[in-house]
Amino acid sequence: MKIPSLLLRFPHCCFSRRTYFPNFHFTSRVDFLCIESLTPAQHYQTKWISSSNGLRRELRQQVAPDQQVEELSDREQRLVDRLYSGLIQGHRACLAESITLVESTQSRKKKIAQVLLQKVLSYHREQEKLNQGKPLAFRVGLSGPPGAGKSTFIECFGKMLTERKYKVSVLAVDPSSSTSGGSLLGDKTRMTELSRDMNAYIRPSPTRGTLGGVTRTTNEAILLCEGGGYNVVLVETVGVGQSEFAVADMVDMFILLLPPAGGDELQGIKRGIIEMADLVAINKADGDLVVPARRIQAEYVSAMKLLRKRSKVWRPKVMRISAKTGKGISDMWDKMTEFHDLTLTSGELIAKRRKQQKVWMWNLIQENMLEHFRSHLAVKDKIPLLEEKVLHGVLSPGLAADLLLKAFKDSV
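This report concerns the structure included in the present document. Source: prediction; values computed, not measured.

Reading the values: the criteria
- Residues numbered from 1 in each chain as written.
- Predicted model: local features only at pLDDT ≥ 70, side-chain atom pairs only at ≥ 80, totals over all residues.
- Heavy atoms only, no water.
- Salt bridge = Lys/Arg side-chain N within 4 Å of Asp/Glu carboxyl O.
- Helix = DSSP H or I, 4+ residues; strand = E, 2+ residues; numbered from the N terminus.
- Buried < 20%, exposed > 50% of the residue type's maximum accessible area, 1.4 Å probe, protein only.
- Phe/Tyr/Trp six-rings, centres within 6.5 Å; stacked < 30°, edge-to-face > 60°.
- Lys NZ or Arg CZ within 6 Å of the ring centre and 35° of its normal.
- 1 Å grid on protein atoms, 1.4 Å probe; cavity = no way out; pocket = protein on both sides within 12 Å on 5 of 7 lines; lining within 4 Å.
- Points joined across faces, edges and corners; volume = space filled by probe spheres on them.
- Nonpolar A, V, L, I, M, F, W, Y, C, P; charged D, E, K, R; others polar.
- Patch = residues over 30% accessible without salt bridge, like charges linked within 9 Å, V, L, I, M, F, W, Y side chains within 5 Å.
- Areas by Shrake-Rupley, 256 points an atom, 1.4 Å probe, with all protein chains shown as cover.
- Pairing = 2+ DSSP bridges.
- Axes fitted to C-alpha atoms, helices over the stretch in contact; angles between N-to-C directions.
- Parallel < 35°, antiparallel > 145°, perpendicular 65-115°, else oblique.
- Left-handed = near helix turned anticlockwise from the far one by under 90°.
- Contact = heavy atoms within 4.5 Å.
- Expected span 1.5 Å × (residues − 1).
- Polar contact = N/O pair within 3.5 Å; in protein donor to acceptor, adjacent residues only side chain to side chain.

Before going further, it helps to spend a moment on the pattern of salt bridges. Within the structure shown, the criterion is met by 13 salt bridges. Among the ionic pairs, Glu76 bridges to Arg108, the shortest N-O distance being 2.8 Å. Highlighted residues: Glu76 in helix α2 (residues 74–88) and Arg108 in helix α4 (residues 107–130), separated in sequence by 32 residues. When its relative accessible area of 24% is taken as the criterion, Arg108 is described as partly exposed. For the salt bridge of Glu371 with Lys110, the shortest nitrogen-to-oxygen distance reads 3.7 Å. Taken as a pair, Glu371 in helix α13 (residues 348–375) and Lys110 in helix α4 lie far apart in primary sequence, 261 residues in all. The exposure class assigned to Glu371 is partly exposed, which follows from its relative accessible area of 39%.

Next comes the structure, spelled out in structure tokens:
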């Protein structure tokens, strides 16, 4: 018995039929929904509905969970298409606008940004397949204490790379004020020569309170830069301490830049950021600081021997450079390319990138869960009251936290 006749006998029941279409082109007919194009092997559902106007038939696409993206308006879709086409053509203005969209905290813009990122990610995968599965860009993280000369080094290093026909992208992260919330974003003003270079792109971004020396969206910005055709991506973090090395979870190589006379050998033995470094560069090794730079280099070389080896094919190096005179910059790039080639050949680079995606996914989940917790109806009104009690010493912070978590848990 056909579905329409079943519906006539059982008008209050809903019957559905699943249909599996290959790549067909249907013309418009009176009794069938017009389909102009379907991608191969898409799953559709034909649904018969009984109404006062008679029987009608609906065709609905069954979307996989990982493809469930909220519908965009025509204006939003045009924005995504414009940014995507401009980005893959190498327009710096479209890259800048795309990163601004990704950095937005507005909920609607976040959804638009995710649609754009999915398109760029698909394009990125296609380009990697054409490149025999090899990464399209070399991601380098640069960290160090304030005053180590990170911005001066990037200016000198970036100019050398653009002269060698590389396209360089610099994501410079600036700390946000804990009182006003503002950020100076002054790194670009220090890189006057590099900022005028057409083969370089510099993007300063505020941390907005994110710990670890990077921003919440640095990982997405790296992907957009690679989609824009930049084959060397430098991530300059804020001046960091022993434990702030979140950038190491999003780059291929992590470089620690240190000033000469920056502490004794005990600083080098301390665990933390030193363990994560693939290359330690002692900057400002010129003039009167040559002797202190040699001493600190020797101390760090001996200190590195005490650390556990993280790679089977690479042992971290310690070098002396001078961003002011350019001495040692070319040798440093040779060491970096050697690291890249060795880890790529051994398969460590690809495995590291896959692991980084998983780590960053959980980082974003933790951050979004905290936002969801603060805005949840069950705890939103209780937060100010419990904060007031904690301030006056009526409740301990631990008990207040337990009460909020219990209220959240009971409502879920």
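Scanning the model with the defined rule gives eight aromatic pairs in all. A centroid spacing of 5.4 Å and a plane angle of 80 degrees characterise the contact between Trp314 and Phe339, whose relative ring orientation is edge-to-face. Pair noted here: Trp314 is in the loop between α11 (290–304) and β10 (317–320) and Phe339 is in helix α12 (residues 329–346), with a separation of 25 residues, a long-range link. Between Phe373 and Phe408, the ring centres sit 5.2 Å apart and the planes meet at 65 degrees, which makes this aromatic pair edge-to-face. Highlighted residues: Phe373 in helix α13 and Phe408 in helix α16 (residues 397–411), separated in sequence by 35 residues. By relative accessible area, Phe373 is classed as buried at 15%. Among the aromatic residues, ring-to-ring pairing joins Phe138, Phe153, Phe157, Tyr166 and Trp333 into one connected group. We note Lys167 situated over the ring of Tyr230; from NZ or CZ to the ring centre the distance is 4.5 Å. One residue, Lys317, lies across the ring of Trp314, its end atom 3.9 Å from the ring centre.

Glancing now at empty space enclosed by the protein. Throughout the structure, instances matching the rule amount to three cavities of 30 Å³ or more. Approximately 130 Å³ is the volume attributed to the largest cavity. By residue class, the composition of the lining of the largest cavity is six nonpolar, one polar and six charged.

The next point concerns a nonpolar patch on the surface. Together, Met361, Trp362, Ile365 and Met369 give the surface a local cluster of nonpolar side chains, amounting to about 380 Å² of exposed area. Residue placement: Met361 occurs in helix α13.

Here we have seven strands laid out as an open sheet, ordered β6-β5-β7-β4-β8-β9-β10, and parallel in their pairing. Each edge of the sheet is formed by a strand with only one pairing partner; in this case those strands are β6 (200–206) and β10. Ignoring which end each strand starts from, the neighbouring axes of this sheet average 20 degrees apart. As defined by bridge partners, strand β8 (residues 253–258) adjoins strand β9 (residues 279–282) across four bridges and the pair is classed as parallel. Across the sheet, residue Leu257 finds its bridge partner in β9, namely Ala281.

Packing of α2 against α4 leaves a shortest axis separation of 10 Å and a crossing angle of 40 degrees. Classified by the interaxial angle, the pair formed by α2 and α4 is oblique. For the pair α2 and α4, the sense of crossing is right-handed. Contacts between α2 and α4 involve Glu76, Leu79, Val80, Asp81, Leu83, Tyr84, Leu87 and Ile88 from the first element and Arg108, Ile112, Val115, Leu116, Lys119, Val120 and Tyr123 from the second.

Moving on, we come to α2. Over its 15 residues, α2 runs 21 Å from end to end, which matches the ideal 21 Å to within 8%, given 1.5 Å per residue. Taken residue by residue, α2 has Glu76, Val80, Leu83, Tyr84, Gly86 and Leu87 as its buried positions. Buried residues belonging to α2 abut α3 (92–103), α4 and α8 (218–227).

Once that is clear, we can look at the pairing of β9. The alternating pattern of β9 places Leu279 and Ala281 and Val280 and Ile282 on opposite faces, both of which are buried. Here β9 runs beside β10; their pairing, made up of four bridges, is parallel. Following the sheet pairing, Leu279 is matched in β10 by Lys317.

This part is about the packing of α4 against α8. It is at 10 Å that the axes of α4 and α8 come closest, and there the two elements cross at 55 degrees. When the interaxial angle is binned, α4 and α8 end up oblique. As α4 runs across α8, the sense of the crossing is left-handed. Within the contact between the two elements, α4 uses Leu117, Val120, Leu121, Tyr123 and His124 and α8 uses Glu220, Leu223, Leu224, Glu226 and Gly227. The class makeup of the residues in the contact of α4 with α8 is six nonpolar, two polar and two charged.

Our next topic: the side chain of Ser98. In this fold, Ser98 is placed in helix α3. In terms of polar contacts, Ser98 uses its side chain to reach the backbone carbonyl oxygen of Cys94, at 2.7 Å. Excluding residues that lie within four positions of it along the chain, Ser98 makes contacts with Leu83, Leu116 and Leu224.

Further remarks concern the environment of Glu299. Mapped onto the elements of the fold, Glu299 is located in helix α11. For Glu299, a relative accessible area of 15% gives the class buried. When the C-alpha atoms of Glu299 and Val318 are compared, they prove to be 9.7 Å apart, with 19 residues separating the residues in sequence.

Here the focus is the environment of Leu404. Inspection of the secondary structure assignment puts Leu404 in helix α16. By relative accessible area, which is 13% here, Leu404 ends up buried. Residues Leu404 and Val379 lie 25 residues apart in sequence; the distance between their C-alpha atoms is 6.1 Å.

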